[in-house]
Amino acid sequence: MPEFLQYGFMQRALLVGAVTALICPAIGVFLVPRRLSLIADSLAHVALAGIALALVVGISPILGALGVTVAGAVGIDRLRARGRLQGDAALAVFLSGGFAVAVVLISLARGFNADLFALLFGSILTVSPLDVWLILALGLVVALVIGGLYPRLLAVTLNEDLARTSGIRVSALNLGLTVLTALTTVVAMRIVGVLLVSAMIVIPALTGFALARSFRGALLAAMGTALAAVVVGLVAAYYLGVAAGGAIVLSSLVLFGVASLHGRSPRVATRSLAAVLAILTSFPVVTAAADADCPRWRDAFQGMPSRTVRIDSGDRTLTVTVKLADNDERRAAGYQCATAEDIRSTVILFDFGREILTQFHMQNVPAPLDIAFAKADGRIFAMLRMDPSPTRLYGPLGPFRFAIEARAGFFESRGIRAGAARLIALEGR
Amino acid sequence: MTPLVELRGVRVNYEAVPVLEDITLTVERGDFLGIIGPNGGGKTTLLKIMLGLLVPSSGEVRLFGEPIERFDAWHRLGYVPQKVVFDPTVPATVEEVVTTALAARAGLFRRLSRAERQRAMDALILAGMDRHRAGRIGHLSVGQQQRVLIARALVTGPEILILDEPTGGVDPEAQASFYALLHTLNREQGVTLVLVSHELAVVARAVTKVACLNRRMVFHGGPAEALTDAGLAALYGSSARLVSHLH
């Protein structure tokens with residue numbers, strides 16, 4: 001099994017990515033021919049307002065996005081149906097309005113944080129097990145409705161007047177399609193990010209149109225290329241440490257480029273596709289070699305002595321049990337090849353003996369970490385969120401003697417902030 | 001017998017300007033009604049009223065005796081619009097286009113039955129487009145697309161077919177065979193036809209009834225009486241003459 005499949009967060013990301021890849025094009029093929037591609041982008045910005053609201057109120061971002069986006073979808077549909085605002089004007093109002101509400105709410109909630117960045121640009125790390133269930137349920141709803149209404153949706157997409165005079169309730173179907181677009185947006189935003197959702201709805205649909213002779217064929221081809229783009233993009237995001245959403249969308253753009261060649265020269269297209277796939281599948285092979293040292297790192301981790309440290313957060317003093325990495329072998333090991341459970345249940349204190357300048361990598365680490373850096377006098381002066389990646393390096397501006405690694409969110413949940421907190425004392429067992 | 005289409009006192013205003021005034025019209029079973037008149041005379045508007053695509057400002061519309069707001073037996077009616085040019089970048093096969101006419105009555109999660117595909121095939125044969133069943137609609141000529149739309153309208157086995165300028169952009173040869181097809185449908189299969197056209201001479205030869213429309217209904221009756229110089233003068237103005245293409 002490739003290394004990346006061993007980690008829960010990658011399994012969840014791939015699962016959610018697959019759902020995204022199947023339902024985004026299934027909506028897209030009905031939106032694109034009717035010049036409604038911008039609906040997805042507008043709803044994604046409305047979703048952002050929902051997320052911001054959820055962060056302020058303190059509920060699940062997915063539930064917040066779901067409620068607000070569905071309400072936005074109904075609003076857009078009503079405005080269009082009544083002809084109060086011309087087609088794209090209604091969309092522009094919702095797009096900028098949603099974004100404005102989001103920005104105001106975010107500034108009320110005191111600034112951007114890592115979660116929001118992940119939602120804007122997509123992250124393979126922020127998908128929690130609860131999210132997976134919500135997204136599977138939403139994806140199932142979208143798939144069932146599209147599957148059930150496929151002949152009607154096709155009729156309306158080809159020509160509204162013909163659909164209406166063959167007895168299809170066109171306005172109800174349009175409302176339904178807009179609401180489905182809202183659900184799809186909420187599903188897709190976890191992996192590709194709010195700002196790139198519409199790309200996932202539009203680009204694979206265009207790819208399908210370029211490849212197929214029939215509409216059904218276009219739908220299947222769109223799903224297939226979207227699935228390929230998601231897998232390639234997520235693997236690239238893992239190995240190169242780049243934003244998942246960008247990687248997925250770029251992959252689907254490459255596939256679209258290849259598909260556009262298909263009409264002119266199928267042979268060139270097939271060869272380019274083979275070359276692209278060969279390059280992309282080489283990532284896991286190149287980095288698989290790193291795993292050989294795992295037993296050594298596990299030994300060093302097991303050998304770290306337990307200590308109790310006290311941290312003054314500014315308001316109060318916390319007592320934290322840590323594993324101490326106090327020699328080169330232990331400092332090199334850190335959480336490499338640890339299990340997600342190890343990361344959940346332990347904290348590592350790195351002591352370098354004196355202030356030095358160095359950086360931390362996240363190779364072989366299965367979950368995101370937070371790291372706090374302290375000067376020789378114990379003053380905690382910097383904190384970083386570190387995402388799993390075989391290539392990225394993390395370090396503070398300035399020298400440090402101590403570093404404390406813990407699961408993502410640990411310091412925030414304990415009220416420990418850079419600049420205010422201090423590592424007080426290192427006690428014996 | 002109940003008329004298939006019945007309009008009574010229909011009036012349509014477009015931003016307070018009347019487009020149609022006081023239109024009363026009936027289409028009986030077996031009729032082949034040609035609606036003729038100058039451009040801007042309201043022909044297409046009248047068809048849209050008949051089809052429920054436009055709601056009249058006042059007046060009453062009935063289909064098969066039922067007020068149009070309550071009418072739901074749309075499979076009894078086929079509509080061939082004026083030039084739907086399909087987007088060539090969106091793939092759809094001829095068969096997919098034809099079977100959309102069956103969508104409204106399709107069950108959920110049910111694929112087309114063998115019988116339905118056969119009906120699509122029969123309609124395509126009747127329209128002379130069976131060889132193109134698997135072809136892409138966007139790659140066909142305008143005339144071929146028009147025939148596919150006829151097949152689409154026929155696939156539900158309609159009792160009445162409503163056609164809006166069906167031969168626009170079609171070459172004369174294709175036009176002749178098209179009217180032959182309409183003749184077959186009307187005389188042999190008993191399909192009632194309503195046809196909007198500005199091609200007076202051709203319509204006059206084909207239809208059994210004529211409605212002349214220029215915002216008001218100028219004439220409603222048999223084609224022979226309509227196409228007298230007096231009738232045409234009422235429709236188009238005093239200088240109009242029928243320049244005969246009849247050979």
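The shown structure was predicted, so the numbers you read here are calculated from the model rather than taken from an experiment.

Asker: With reference to specific residues and values, describe the domain arrangement of chain A.
Answerer: All names here are of chain A. Taken domain by domain, chain A comprises domain 1 (3-289) and domain 2 (295-428). Roughly 860 Å² is buried in total at the junction of domain 1 and domain 2, and carbon and sulfur atoms are behind 60% of that figure. Counting the contacts that link domain 1 with domain 2 gives zero salt bridges. Counting across the domain 1 and domain 2 interface gives zero residue pairs in polar contact (both at pLDDT 80 or more).

Asker: Can you break down the packing of helix H3 (residues 61-81) of chain A against helix H8 (residues 170-192) of chain A residue by residue, with the values?
Answerer: Residues and elements named next belong to chain A. Put simply, H3 and H8 touch, their axes get as near as 9 Å, and they point 150 degrees apart. With respect to each other, H3 and H8 are oriented roughly antiparallel. The interaxial crossing formed by H3 with H8 has right-handed handedness. In this structure, H3 uses Pro61, Ile62, Ala65, Leu66, Thr69, Val70, Ala73, Val74 and Asp77 to contact H8, whose residues at the interface are Asn174, Leu175, Thr178, Val179, Ala182, Leu183, Val186, Met189 and Arg190. A class-by-class count of the residues in the contact of H3 with H8 yields 13 nonpolar, three polar and two charged.

Asker: Requested: an account of helix H9 (residues 197-211) of chain A, with residues and values cited.
Answerer: All names here are of chain A. The terminal C-alpha atoms of H9 lie 22 Å apart, and with 15 residues this matches the ideal 21 Å at 1.5 Å per residue to within 8%. Among the 15 residues of H9, twelve are classified as buried, and the element is accordingly described as predominantly covered. Along H9, the residues that are buried comprise Val197, Ser198, Ala199, Met200, Ile201, Val202, Ile203, Pro204, Ala205, Thr207, Gly208 and Phe209.

Asker: Give me the lowdown on the pairing of strand S8 (residues 400-407) of chain A, citing residues and values where you can.
Answerer: Residue and element names in this part refer to chain A. The buried fraction of S8 amounts to six of the eight residues, a majority that puts the element mostly inside the structure. Pairing analysis gives five bridges linking strand S3 (residues 348-356) to S8, with the strands arranged antiparallel. Within S8, the position partnered with phenylalanine 350 by the bridge is alanine 403. As defined by bridge partners, strand S5 (residues 369-374) adjoins S8 across six bridges and the pair is classed as antiparallel. In the sheet register, leucine 369 faces S8, and the bridge partner there is arginine 407.

Asker: Run through the environment of alanine 102 of chain A, naming residues and quoting values.
Answerer: Residue and element names in this part refer to chain A. By the secondary structure assignment, alanine 102 is in helix H4 (residues 87-108). On the basis of relative accessible area, alanine 102 is assigned to the buried category, the value being 0%. Separated by 77 residues in the primary sequence, alanine 102 and proline 25 place their C-alpha atoms 27 Å from one another. Apart from residues lying up to four places away in sequence, alanine 102 is in contact with Leu48, Ala49 and Ala52.

Asker: How would you explain the packing of aromatic side chains if you had to name every residue and give the values?
Answerer: Residues and elements named next belong to chain A. Applying the stated criterion to the full structure yields 14 aromatic pairs over all chains. A centroid spacing of 6.1 Å and a plane angle of 45 degrees characterise the contact between phenylalanine 209 and phenylalanine 215, whose relative ring orientation is tilted. Judged by relative accessible area, phenylalanine 215 falls into the buried class, the value being 0%. Ring plane angle 35 degrees and centroid distance 6.3 Å describe the contact between phenylalanine 360 and phenylalanine 400, whose orientation is recorded as tilted. A residue pair is termed long-range when its members are at least 10 positions apart, and phenylalanine 360 in strand S4 (residues 360-362) and phenylalanine 400 in strand S8 qualify at 40 residues. For the pair phenylalanine 360 and phenylalanine 400, one class covers both residues: buried. Site record: aromatic cluster; members linked through ring pairs are Phe350, Phe352, Phe360, Phe373 and Phe400.

Asker: Report on H8 of chain A, specifying residues and quantitative values.
Answerer: Residue and element names in this part refer to chain A. A rise of 1.5 Å per residue sets the reference length of H8, with its 23 residues, at 33 Å; its end C-alpha atoms lie 31 Å apart and thus fit the reference within 8%. In terms of burial, H8 is largely enclosed, as 18 of its 23 residues are buried. Just beyond H8, the residue with positive phi is glycine 193, at close to 85 degrees.

Asker: Now, about the sheet that holds strand S2 (residues 17-27) of chain B: what can you tell me, with residues and values included?
Answerer: Residue and element names in this part refer to chain B. Across the sheet, four strands lie side by side as S2-S1-S4-S5; this open sheet has antiparallel pairing. A strand with exactly one partner marks an edge of an open sheet, and here the two such strands are S2 and strand S5 (66-67). Judged from the seven bridges that link them, strand S1 (residues 5-14) and S2 form a sheet pairing that is antiparallel. Paired with glutamate 6 across the bridge in S2 is threonine 26.

Asker: Give me the interface of chain A and chain B: which residues, what numbers.
Answerer: Counting residues at the interface gives 28 residues for chain A, matched by 32 residues for chain B. Contact between chain A and chain B buries roughly 2,400 Å² in total, counting both sides, with carbon and sulfur atoms accounting for 65%. Between the two partners, chain A and chain B, sit one salt bridge. Between arginine 35 of chain A and aspartate 87 of chain B there is a salt bridge whose closest N-O contact spans 3.9 Å. Our enumeration of links across chain A and chain B arrives at seven residue pairs in polar contact (both at pLDDT 80 or more). Secondary structure elements with two or more residues in the side of chain A that touches chain B: helix H6 (129-158), helix H7 (160-165) and helix H10 (215-240) of chain A. Top contributing element to the side of chain A that touches chain B by residue count: H6 of chain A, with ten residues. Grouping the amino acids of the side of chain A that touches chain B by side-chain chemistry returns 15 nonpolar, seven polar and six charged.

Asker: Give a description of the packing of helix H1 (residues 8-31) of chain A against H6 of chain A that names residues and reports values.
Answerer: Residue and element names in this part refer to chain A. Contact geometry of H1 with H6 gives a least axis separation of 9 Å together with a crossing angle of 20 degrees. One finds that H1 runs roughly parallel with respect to H6. The way H1 lies across H6 gives a crossing that is left-handed. Facing Arg12, Leu15, Val16, Val19, Ile23, Ala26, Ile27, Val29 and Phe30 of H1, the residues of H6 in contact are Pro129, Val132, Ile135, Leu136, Gly139, Val142, Ala143, Ile146, Tyr150, Leu153, Leu154 and Thr157.

Asker: Tell me about the pattern of salt bridges, residues and numbers included.
Answerer: Using the criterion set out here, one finds 25 salt bridges over all chains in the structure. Residue glutamate 6 of chain B is joined to arginine 8 of chain B by a salt bridge in which the shortest nitrogen-to-oxygen separation is 2.7 Å. Residue classification places glutamate 6 of chain B among the buried residues on the basis of a relative accessible area of 16%. Among the salt bridges present, the one from lysine 209 of chain B reaches aspartate 31 of chain B, with a minimum N-O distance of 3.1 Å. Highlighted residues: lysine 209 of chain B in strand S9 (residues 209-214) and aspartate 31 of chain B in the loop between S2 and strand S3 (32-36), separated in sequence by 178 residues. Taken together, the salt bridges that share partners define one network made up of Arg34, Glu160, Asp161 and Arg164 of chain A.

Asker: So, the side chain of threonine 69 of chain A: which residues are in play, and what are the values?
Answerer: Residues and elements named next belong to chain A. Following the sequence through the fold, threonine 69 ends up in helix H3. Residue class for threonine 69 comes out buried when judged on its relative accessible area of 0%. A polar atom in the side chain of threonine 69 sits 2.4 Å from the backbone oxygen of alanine 65. Ignoring anything within four residues of it in the chain, the contact list for threonine 69 reads Leu43, Val46, Ala47, Ala182 and Val186.

What counts, and where the lines are drawn
Residues numbered from 1 in each chain as written. Chains lettered and ligands numbered in written order. Predicted model: local features only at pLDDT ≥ 70, side-chain atom pairs only at ≥ 80, totals over all residues. Heavy atoms only, no water. Domains from an automatic or database assignment. Buried area = accessible area lost by both parts, 1.4 Å probe. Salt bridge = Lys/Arg side-chain N within 4 Å of Asp/Glu carboxyl O. Polar contact = N/O pair within 3.5 Å; in protein donor to acceptor, adjacent residues only side chain to side chain. Axes fitted to C-alpha atoms, helices over the stretch in contact; angles between N-to-C directions. Helix = DSSP H or I, 4+ residues; strand = E, 2+ residues; numbered from the N terminus. Parallel < 35°, antiparallel > 145°, perpendicular 65-115°, else oblique. Left-handed = near helix turned anticlockwise from the far one by under 90°. Contact = heavy atoms within 4.5 Å. Nonpolar A, V, L, I, M, F, W, Y, C, P; charged D, E, K, R; others polar. Expected span 1.5 Å × (residues − 1). Buried < 20%, exposed > 50% of the residue type's maximum accessible area, 1.4 Å probe, protein only. Pairing = 2+ DSSP bridges. Phe/Tyr/Trp six-rings, centres within 6.5 Å; stacked < 30°, edge-to-face > 60°.

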